[in-house]
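# Secondary and tertiary structure notes
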Amino acid sequence: MATAGQASDGQTAGSRRDPALQALVDQVVADPNPNPGAFLLARRGSDDRFGAAGVADRSAGTPMAPDLKFRTGSVTKTFTATVVLQLVAEHRLRLDDTVQSLLPDQVRTDNALSGAPITVRQLLNHTSGLYDYIDGLLPHFRRLDQYWPRDQLISIGLAQPRYFPAPGTRFRYSNTNYLLLDLIVERITDRDLRTNLERRIFAPLGLRDTSYPLAQTAIDGAHVHGYADVSLLLPNAPDPTRFDVTAFSPSEAGASGALVTTAANIARFYRALLKGRLLPPGLLRRMLTDTVPTTGSPPPTVAYGLGVYVYATSCGRAYGHGGSALGYLTFALNSRDGHDQLVAHTNWNSFADTGIDEDFWAAFQQGYCGRPGQIRPPSAPGSTD
């Protein structure tokens, strides 16, 4: 029996299964791909369509569906950045404020903050040069559900030399940046990031299926199980290439990637953001256009703003973020005005950095841009930059 707000075949009420999207996700989960399941949720105005294939839970055989909760990974960064920019709008913080002045107790002669000053802007757009603590986690790993204190993760990131000494000179993605932003938000507001997210974003937008867990490893309610190749972490595990890592502690990601949500909630957030409901026009413009060039492909990102990627698709530029959490891979693409959207998700993601699944990227780019007569492409491609 369907629950309230849910249709009988598992999708969000009001959405329709689309043959073109279905064909794309069928390809993502087809052998020999390791992906147990995948879905695409496309929105054009009030028209919602989806495709879902494979399973959300291998043990139970639960079909994949876009209304299930999942770990979003770095899609969280846009949420965190929005809170930071709201504080800028309230004149409680400036983009040119330095980390060293905001967090003086984090500065030591033997860590990376002892170098040239780093600004809030450089944390937001990943030009700080700070080492990514994720790259230093393996020696500290003990078990999947271990709790990772924020201070420990920041210490790992600051204990290593910077990737480059002069902040602001180039892009180098680092999750350490967003843990420092988390700490800055807490110092300025005297409230933790969870409280700020709940009061500033979740509650105003009605994101009832979105949460920011840290100590809780279980996902409440119906959810997607994540699977990963854990050969490096747990070499003696049964079926280590598709091991269930759903209970991996979200504290490992914190403000850089701990969010749990649904596809519909992600789409609602980005539409509200891009339509100006969360930030004043000037700051929203800066979020999207105060960008630095990125490197690496696929996916073909061309720039990174203040917590937002700019993607080059076959139908013009799109705005959003990707999210890579152990066992989960998510991407959100949006037109500049938030009218056209696509949320893509698959529940296999390796611990090792093997790069993006190219079949998955091809599927969600096609799903976003559409096919004639099936899903219309975004309006006026390239005209909203």
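This write-up is about the structure you can find in this document. This one's a predicted model, so the numbers in the text were calculated from it and none came from an experiment. Numbering of residues starts from 1 in each chain and follows the order in which that chain's sequence is written. Local features in this predicted model are restricted to residues of pLDDT 70 or higher, and side-chain atom pairs are both shown and tallied only at a pLDDT of 80 or more, whereas totals for entire chains, interfaces and linings draw on every residue. The basis for the side-chain values is all heavy atoms of the structure; hydrogens and waters are excluded.

## Some words on the side chain of His321
Inspection of the secondary structure puts His321 in strand 12 (residues 316-325). Of the polar contacts made by the side chain of His321, one reaches the backbone oxygen of Ser74; its length is 3.3 Å. Helix and strand definitions follow DSSP, with helices as H or I runs of at least four residues and strands as E runs of at least two, each counted in order from the N terminus. N or O atoms within 3.5 Å of each other form a polar contact, as long as, within protein, one can give a hydrogen and the other can take it, and as long as residues adjacent in sequence are counted only when both atoms are side-chain atoms.

## Quick word on the packing of aromatic side chains
The criterion for an aromatic pair is that two Phe, Tyr or Trp rings (for Trp, the six-membered ring) have centres within 6.5 Å, with stacked assigned to planes under 30 degrees apart, edge-to-face to planes over 60 apart and tilted to the rest. Evaluation of the coordinates by the stated rule reveals 15 aromatic pairs. For the pair Phe79 and Phe269, a centre-to-centre distance of 3.7 Å together with 15 degrees between the ring planes defines the contact as stacked. Taken as a pair, Phe79 in helix 2 (residues 76-89) and Phe269 in helix 8 (residues 263-274) lie far apart in primary sequence, 190 residues in all. Both residues of the pair, Phe79 and Phe269, count as buried. An angle of 85 degrees between the planes, with centres 6.4 Å apart, marks the rings of Tyr173 and Tyr304 as edge-to-face. Placement of the pair is Tyr173 in the loop between helix 5 (150-159) and helix 6 (176-189) and Tyr304 in strand 10 (residues 301-304), with a sequence separation of 131 residues. Tyr304 shares its class with Tyr173; the two are buried. Residue exposure (1.4 Å probe, protein chains only): buried if accessible area is under 20% of the type maximum, exposed if over 50%, otherwise partly exposed.

## What to know about the pattern of salt bridges
Just to be clear on terms, a salt bridge is a Lys or Arg side-chain nitrogen sitting within 4 Å of an Asp or Glu carboxyl oxygen. What the rule picks out here adds up to 16 salt bridges. Two residues, Asp97 and Arg94, come together in a salt bridge whose shortest N-O distance is 3.0 Å. You can call Asp97 buried: its relative accessible area is 12%. Given the relative accessible area of 59%, Arg94 is considered exposed.

## A few points about helix 8
To estimate how far a helix should reach, multiply one less than its number of residues by 1.5 Å. Across its 12 residues, helix 8 extends 17 Å between first and last C-alpha, which sits within 8% of the 16 Å expected from 1.5 Å per residue. For helix 8, the buried fraction is high: 11 of the 12 residues fall into the buried class. Those residues of helix 8 that fall on the buried side of the exposure criterion are Ala263, Ala264, Asn265, Ile266, Ala267, Phe269, Tyr270, Arg271, Ala272, Leu273 and Leu274. Once helix 8 ends, the next one or two residues include Gly276, with phi positive near 85 degrees.

## Details of the pairing of strand 3 (residues 47-57)
When DSSP finds two or more bridges between a pair of strands, those strands are recorded as paired. Judged from the three bridges that link them, strand 1 (residues 15-17) and strand 3 form a sheet pairing that is parallel. Across the sheet, the residue bridging to Arg16 is Arg49, located in strand 3. Bridge analysis of strand 2 (residues 37-44) against strand 3 gives eight bridges, and the strand direction is antiparallel. When the sheet's bridge partners are listed, Gly37 is paired in strand 3 with Gly54. Taking the residues that link successive antiparallel strands as the turn, the strand 2-strand 3 hairpin has two residues, and the phi of Gly45 there is positive, at about 65 degrees. As paired elements, strand 3 and strand 4 (residues 62-63) share two bridges and run antiparallel to each other. Its bridge partner being in strand 4, Val55 is matched across the sheet by Pro63. Hairpin connection of strand 3 to strand 4: four residues between the antiparallel strands, including Gly61 at a positive phi of 75 degrees.

Interpretation note: all reported values are geometric properties and have no functional meaning in isolation.
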